[in-house]
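Chain residues, written in single-letter form:
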Amino acid sequence: MQLYNSLTRKKEELVALEPDKVKIYTCGPTVYNYAHIGNLRTYIFADVLKRSLEFEGYDVTQVMNVTDVGHLTSDDDLGEDKMEAGARREGKSIWDIARFYEEAFFNDAEALNILRPSIVARATEHVPTMIELVLRLQERDYAYETDQAVYFDVSKFPDYTKLAGQALEEQIIGARAEVQVDQEKKNPADFALWFKAVGRFANHLMQWDSPWGKGFPGWHIECSAMSMRYLGETFDIHTGGVDHIPVHHTNEIAQSEAATGKQFARYWLHAEFLIVGGGEKMAKSAGEFLRLQSITDRGYDPLDYRFLCLQVHYRSKLTFTWEALDGAKAGYRRLKSFIDQASRAGGTEQPWMQEYRERFREEVLDDLNMPRAMAVMWEMIREANTRRELGVLNLLYDFDQVLGLKLSEAAASAEERELEPEYAALIVEREKARAQKDWTRADEIRRELATVGIAIEDRPEGTVWRRTD
Ligand code: AMP
Ligand code: ZN
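Analysis parameters
Residues numbered from 1 in each chain as written. Chains lettered and ligands numbered in written order. Predicted model: local features only at pLDDT ≥ 70, side-chain atom pairs only at ≥ 80, totals over all residues. Heavy atoms only, no water. Axes fitted to C-alpha atoms, helices over the stretch in contact; angles between N-to-C directions. Helix = DSSP H or I, 4+ residues; strand = E, 2+ residues; numbered from the N terminus. Parallel < 35°, antiparallel > 145°, perpendicular 65-115°, else oblique. Contact = heavy atoms within 4.5 Å. Nonpolar A, V, L, I, M, F, W, Y, C, P; charged D, E, K, R; others polar. Near = heavy atom within 4 Å. Polar contact = N/O pair within 3.5 Å; in protein donor to acceptor, adjacent residues only side chain to side chain. Areas by Shrake-Rupley, 256 points an atom, 1.4 Å probe, with all protein chains shown as cover. Donors = N, O, S within 2.8 Å, 3.2 Å for Na, K, Ca; no water. Buried < 20%, exposed > 50% of the residue type's maximum accessible area, 1.4 Å probe, protein only. Pairing = 2+ DSSP bridges. 1 Å grid on protein atoms, 1.4 Å probe; cavity = no way out; pocket = protein on both sides within 12 Å on 5 of 7 lines; lining within 4 Å. Points joined across faces, edges and corners; volume = space filled by probe spheres on them.

**Here's the deal with the packing of helix 12 (residues 354–365) against helix 14 (residues 393–403)**
- Running from amino to carboxyl end, helix 12 crosses helix 14 at an angle of 5°, the nearest separation of the two axes being 11 Å. Between helix 12 and helix 14, the interaxial angle falls into the category roughly parallel. Each of Tyr356, Arg357, Phe360 and Val364 in helix 12 lies in contact with helix 14, whose residues at this interface are Leu395, Asp398, Phe399, Val402 and Leu403.
- Among the residues making up the contact of helix 12 with helix 14, the classes are represented as seven nonpolar, no polar and two charged.

Written out as structure tokens, the structure reads:
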């Protein structure tokens, strides 16, 4: 499988650390609000990655974190904790907020047929592991303590900018542009590993005892600690959205590799942003945003949205418009109706279909090219229709292991497929009439069946029927 690795900026052959096993860490949601459809796009991408690896026969372990503490309103250690802001906004306890939005997130994920990760790790339940990692960094002289926090010293880690590929000066513009909160910071790009419950955080609602007094972990250390805890110090793939490249993932690499002296994740995969018409990026903190519910409220199926996401490569921006969603809905409906029809018609796999299996797989292997894989699928459906050989269902269900569109649910149920005995008898009678070239009677029966919602079609392999209502 070829995957585009943000670290090397090229497509690379995936070579798993252990044969046949792939370990993935997926940066999970910060549970202070609903996920917006942009966030969900990134998780659909991670799901397609996981499904594609399983399709290829890998045994996949996927860990996803739930950030329920420490993610500040700015990625650069500025602002307040997003969880606290959420609790204040809704007048609820921070714990209620965390559990409520975590559940909402996994409900959305389920509606989108996103497979549940093997392990879901809440930050608040892994604080001792984080403290241990910070201590390790202190021992190795990569971390220093001030009155306000414990920081990572980026000047000690020469490869700090390797993921973003920018000069450090460019990378820290964000940090410099705003007030530098802690005067004791050695370098503007140094980031907090641990925040002390002092100053602006004196009343922080979530506090743990630590060697540096009461406080709470920084967002970046959470992901380093939890990923290494479950996947080992070096693992295969790390995923997230492109916004994580310059700060969050850059910091994760620095902390982890400084602590272990080993490579952290080997392949870094990033999903491009979803933008809403007009070029705006969709940000939860900006207040107004579209979530899955906004889509279902308008009568769409969550999987219409999944279908839309599959039509755009994960490394391209996806411009969301309602027209585009209408298009996806129509396409998805066409696909399901073909499956329904094919399941009634029956038919077996034909040699010509094999080529499509190969071509579909090639597109999956080429950096998860879903738009092209879908095009291969449509081409196969067209050919099946032209040849009137509809035995492609098993192939479509195989493809669906990757697509995740619940295609097998679109097939007519066995019950629906069974024809009432009196209509079945009519079809048999019609076949006899045709054999005797009694076209009048054959047409009469066709019309009679049409009035009860059964359409028939004469195929080389016999007469097939389908319900029209
Ligand atoms: P958060 O809950 O803010 O930590 O974000 C969850 C995930 O969504 C992260 O992987 C982000 O990179 C990703 N993300 C944030 N905004 C967008 C967007 N507009 N389009 C796609 N992914 C996004
Ligand atoms: Zn993360």
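**Some thoughts on the side chain of His126**
- Tracing the backbone shows His126 in the loop between strand 5 (119–122) and helix 4 (127–139).
- Excluding its chain neighbours within four sequence positions, the residues that come into contact with His126 are Ala121, Met226 and Tyr230.

**What to know about the site of ligand 1**
- In the vicinity of ligand 1, 18 residues are found, and the nearest of them are Gly38, Asn39, Thr42, Asp243 and Leu274.
- Between Asn39 and ligand 1, the recorded distance is 2.9 Å, taken from a side-chain N or O atom to an oxygen atom.
- Isolated, ligand 1 exposes 490 Å² of accessible area, and the fraction of that covered by the protein chains is 95%.
- Every element with two or more residues in the shell around ligand 1 is listed here: helix 1 (37–55) and strand 10 (235–241).
- The element that contributes the greatest number of residues to the shell around ligand 1 is helix 1, accounting for four residues.
- For the shell around ligand 1, the class distribution of residues is five nonpolar, ten polar and three charged.

**Digging into the coordination of the zinc ion (ligand 2)**
- Donor atoms from the polypeptide that bind the zinc ion (ligand 2) are Cys27 (SG), Cys223 (SG) and His248 (NE2), placed at 2.1 Å.
- Here the donor residues for the zinc ion (ligand 2) map to a single chain with the spacing C-x195-C-x24-H. Here Cys27, found in the loop between strand 3 (21–26) and helix 1, pairs with Cys223, found in helix 7 (residues 219–231); they are 196 residues apart in sequence, far enough to count as distant. This pair shows no difference in class: Cys27 is buried, exactly as Cys223 is.

**Notes on the side chain of His71**
- For His71, the position within the fold is in the loop between strand 4 (59–66) and helix 2 (82–90).
- If near-sequence neighbours (up to four positions away) are discounted, His71 is found in contact with Thr30, Glu80, Asp81, Lys82 and Trp219.

**Section: the pairing of strand 7 (residues 149–152)**
- Across the two faces of strand 7 the burial is the same, with Ala149 and Tyr151 and Val150 and Phe152 all buried.
- Relative to strand 7, strand 6 (residues 143–145) runs antiparallel, the two being bridged by three bridges. In the sheet register, Ala143 faces strand 7, and the bridge partner there is Phe152.

**Quick word on empty space enclosed by the protein**
- One pass over the structure, following the stated rule, counts four cavities of 30 Å³ or more.
- As a volume, the largest cavity reaches approximately 120 Å³.
- Around the largest cavity, the lining residues are Arg41, Ile44, Phe45, Val48, Cys309, Leu310, Val312, His313, Tyr314, Leu368 and Met370.
- Elements represented by at least two residues in the lining of the largest cavity include exactly helix 1 and helix 10 (302–310).
- When residues in the lining of the largest cavity are grouped by element, the largest group, four residues, is from helix 1.
- Grouping the constituent residues of the lining of the largest cavity by class yields nine nonpolar, one polar and one charged.
- In this structure, the second largest cavity is lined by Gly70, Leu72, Ser74, Asp75, Asp77, Ala192, Phe195, Gly218, Trp219 and His220.
- Sorting the residues of the lining of the second largest cavity by element identifies strand 8 (191–196) and helix 7 as the ones contributing at least two each.
- Across the lining of the second largest cavity, the residue classes tally to four nonpolar, four polar and two charged.

**Focus on the sheet that holds strand 10**
- Pairing in this open sheet of five strands is parallel, and the strands run 5-4-3-10-11 from one edge to the other. Lying at the two open borders of the sheet, with one neighbouring strand each, are strand 5 and strand 11 (265–271). With direction set aside, neighbouring strand axes in the sheet form an average angle of 20°.
- Looking at chain direction, strand 10 and strand 11 are connected through six bridges and run parallel. Each bridged residue has a counterpart across the sheet, and for Phe235 the counterpart in strand 11 is Ala265.
- Contacting strand 3, strand 4, strand 10 and strand 11, helix 1 runs over the sheet at an angle of about 155° to strand 10.
- Across the sheet, helix 3 (residues 94–111) lies against strand 4 and strand 5, angled at about 145° from strand 4, the strand it touches most.

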